[in-house]
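# A structural walkthrough
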Amino acid sequence: MPLPLNRSRQLQQRAESLLPGGVDSPVRAFRSVGGDPPFVTRAEGAYLYDEDGNRYVDMFGSWGPMILGHAFPPVVEAIREAAGRSASFGASTAAEADLALMVQECFPSIEKLRFVNSGTEACMTAIRLARGFTGRNFVIKFEGCYHGHSDSLLVKAGSGVATLGIPGSAGVPAETAMHTLALPFNDLEAVRAAFAARPKEIACIIVEPVVGNAGAIAPLPGYLNGLRDIAHRHGALLILDEVMTGFRLSLGGAQRLYDIKPDLTTLGKIIGGGLPCAAFGGRAEIMNYLAPLGPVYQAGTLSGNPLAMAAGIATLQHLIENEQAIYPQLQKTTEAIATGVAAIAREAGVPLMTNQVGSMFTWFFTSNMVTNFASASTSDTAAFGRFHRAMLEAGVWLPPSQFEAAFVSTAHGPAEVKAILDAALRSLQTS
Ligand SMILES: *Cc1c(COP(=O)(O)O)cnc(C)c1O
């Protein structure tokens, strides 16, 4: 039965006259899945509530940050308390080093870090820093990986770029894109060949250690350490973009899970507990190249914002104190959802490839193994669109694209697992 979405539809029309596509981030517009995007009024725990009074199990968690569920009371309280002391000072606060210390405890590879406002800024600046430190221009990234929307990283990118099926972006000069080498993920030979072709010109490799922005894709055994070895043999740096995986796959991110020490790491999403906050950090020798100590410039009016620091500290504190309980529970809940729906699809004769690492997963509508962007692209995106609409009508809000990972929070429990499996049973039988 179609959802009552009258008010959301009206709000969408009003928004479209003011905001291009009615949105501030493209994938929110539901273009690739069809149907009307519900307008959200509030969220609590595992649930989103829309303007028409519908309730949904949230399976995208604000695209990653909400690992503790929505409106988690200690986070709400921390933000409220900080706001009472003013939203911003533009001067240093104790909270910045407090949060930095927590990050460093979780990520031993990060000796020094800097806070910024978005994952885009973190990745853009990490690249600038790698170029400044090595004195080289070329960057290796991987097809289907998304590192934010800065010019040099919008080449064969994942997330909305992949969803909309555009190879790059208009407005990025060829002279800029030319310095970005986009290679297939999980293929060390391609990386060796790129270094062989440009022996002393490549500054760094940037990679999502577990890809989330082409849907969830795990690295093959030895792949990440292979990247590190090749980079170092050629005097280049390895940047792990853990904006999505940091504090999610383990407290120490993918680098702890796969036991790999990068030169630089970018963080975002969970680090700000839902507020705009991100960071990049790594070896002190490299980080000291940043202004005011070094020649690589970077700045931010709202960087280290006190509300974002407060939300980040409250979130990380809860994760650190409850690490032993939280991560195994997230794994178990996610497995129940991911494999439960996979079994329903099998019964219904729907080809579905399930990729899961910790609390991130994707159901690809293909019978092929998905190990890189090319294999992800064999998915039947029209079938995904039908599934997405049916699930939404059944009260489960999946990320509105085949090329995005779904996320589970600590607020998802047995009741939500059952609701998702019931919804999938109905959706897959009719799709
Ligand atoms: C979300 C994301 C980004 C960009 O972060 P924004 O805060 O949206 O700018 C960069 N890298 C990865 C891996 C991401 O998932």
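Residues numbered from 1 in each chain as written. Predicted model: local features only at pLDDT ≥ 70, side-chain atom pairs only at ≥ 80, totals over all residues. Heavy atoms only, no water.

## Here we look at the overall build of the protein
A count of helical and extended segments in the protein gives 15 helices and 14 strands. Whereas a compact globule of 431 residues would reach a radius of gyration of roughly 22 Å, the protein reaches 21 Å, a difference of no more than 12%. Going through the 431 residues of the protein one by one, you find that 55% of them count as buried. Taking contacts inside the protein between residues at least 6 apart in sequence as the whole, the part at least 24 apart equals 73%. The average position of the 32 basic charges and that of the 37 acidic charges among the side chains of the protein differ by 3 Å. (Helix = DSSP H or I, 4+ residues; strand = E, 2+ residues; numbered from the N terminus. Rg over C-alpha atoms; globule rule 2.2 N^0.38 Å. Buried < 20%, exposed > 50% of the residue type's maximum accessible area, 1.4 Å probe, protein only. Contact = heavy atoms within 4.5 Å. Lys, Arg positive; Asp, Glu negative; His and termini not counted. Charge placed at Lys NZ, Arg CZ, Asp CG, Glu CD.)

## Considerations on the packing of helix H11 (residues 306-321) against helix H12 (residues 323-348)
Helix packing geometry: the angle between the two helix axes and the distance between the axes. As a packed pair, H11 and H12 sit with axes 5 Å apart at the nearest point and diverge in direction by 90°. Classified by the interaxial angle, the pair formed by H11 and H12 is roughly perpendicular. In this structure, H11 contributes His 318, Leu 319, Ile 320 and Glu 321 to the contact, and H12 contributes Glu 323, Ile 326 and Tyr 327. Classifying every residue of the contact of H11 with H12 by side-chain character gives four nonpolar, one polar and two charged. (Axes fitted to C-alpha atoms, helices over the stretch in contact; angles between N-to-C directions. Parallel < 35°, antiparallel > 145°, perpendicular 65-115°, else oblique. Nonpolar A, V, L, I, M, F, W, Y, C, P; charged D, E, K, R; others polar.)

## A short note on the nonpolar core
Counting residues in hydrophobic clusters, the biggest one holds 73 residues, and the most contacted among them are Met 59, Val 103, Phe 247, Leu 319, Trp 363, Ile 420 and Leu 428. For this core, the element with the most residues is H11, which contributes nine residues. Viewed by domain, this core spans two of them, domain 1 (6-63 + 323-427) and domain 2 (73-321), each represented by three or more residues. Each residue touching Phe 247, except ones within four places of it in the same chain, is listed here: Ile 67, Val 103, Cys 106, Phe 107, Gly 253, Leu 267, Ile 270, Ile 271, Leu 316, Leu 319 and Tyr 327. (Core = buried A, V, L, I, M, F, W, Y, C linked by side-chain atoms within 4.5 Å. Domains from an automatic or database assignment.)

## Topic: unusual backbone geometry
Cis geometry marks the peptide bond from Ala 291 to Pro 292, where omega comes out at 10°. Residue placement: Pro 292 occurs in the loop between helix H10 (284-287) and H11. Unusually for a residue other than glycine, Phe 30 sits at a positive phi of about 65°. Considering the arrangement of structural elements, one finds Phe 30 in the loop between helix H1 (6-16) and strand S1 (40-44).

## Some remarks on the site of the ligand
Around the ligand, the neighbouring residues are Ser 118, Gly 119, Thr 120, Tyr 146, His 147, Gly 148, Glu 208, Asn 213, Asp 241, Val 243, Met 244 and Lys 269. Within the side chain of Asn 213, an N or O atom sits 3.1 Å from an oxygen atom of the ligand. Asp 241 places a side-chain nitrogen or oxygen 2.6 Å from a nitrogen atom of the ligand. Protein contact buries 83% of the 380 Å² of open area that the ligand shows by itself. (Near = heavy atom within 4 Å. Polar contact = N/O pair within 3.5 Å; in protein donor to acceptor, adjacent residues only side chain to side chain. Areas by Shrake-Rupley, 256 points an atom, 1.4 Å probe, with all protein chains shown as cover.)

## Section: the domain arrangement of the protein
Many descriptions give the size of an interface as the accessible area lost when the pieces come together. Domain annotation of the protein identifies domain 1 (6-63 + 323-427) and domain 2 (73-321). Each of domain 1 and domain 2 has a C-alpha centre, and these two points are 25 Å apart. On the domain 2 side, the residues contacting the 27 residues of domain 1 number 33 residues. Of the roughly 2,300 Å² buried between domain 1 and domain 2, counting both surfaces, carbon and sulfur atoms make up 63%. (Buried area = accessible area lost by both parts, 1.4 Å probe.)

## Remarks on the packing of aromatic side chains
This structure, assessed with the given rule, holds 14 aromatic pairs. Judged by centre distance (6.0 Å) and plane angle (85°), the rings of Phe 30 and Trp 397 are edge-to-face. Of this pair, Phe 30 sits in the loop between H1 and S1 while Trp 397 sits in strand S13 (residues 396-397), placing them 367 residues apart in sequence. Between Trp 363 and Phe 387, the ring centres sit 5.9 Å apart and the planes meet at 80°, which makes this aromatic pair edge-to-face. In this pair, Trp 363 is assigned in strand S12 (residues 360-364) and Phe 387 in helix H14 (residues 381-393), connecting sequence segments 24 residues apart. (Phe/Tyr/Trp six-rings, centres within 6.5 Å; stacked < 30°, edge-to-face > 60°.)

## What about the sheet that holds strand S8 (residues 237-241)?
Spatial strand order, S4-S10-S9-S8-S7-S5-S6: seven strands in an open sheet with mixed pairing. Every interior strand has two partners, whereas the edge strands, strand S4 (112-116) and strand S6 (180-183), have only one. The average angle at which neighbouring strand axes cross in this sheet is 20°, direction not considered. Note that strand S9 (residues 264-267) and strand S10 (residues 278-282) share four bridges and pair antiparallel. (Pairing = 2+ DSSP bridges.)

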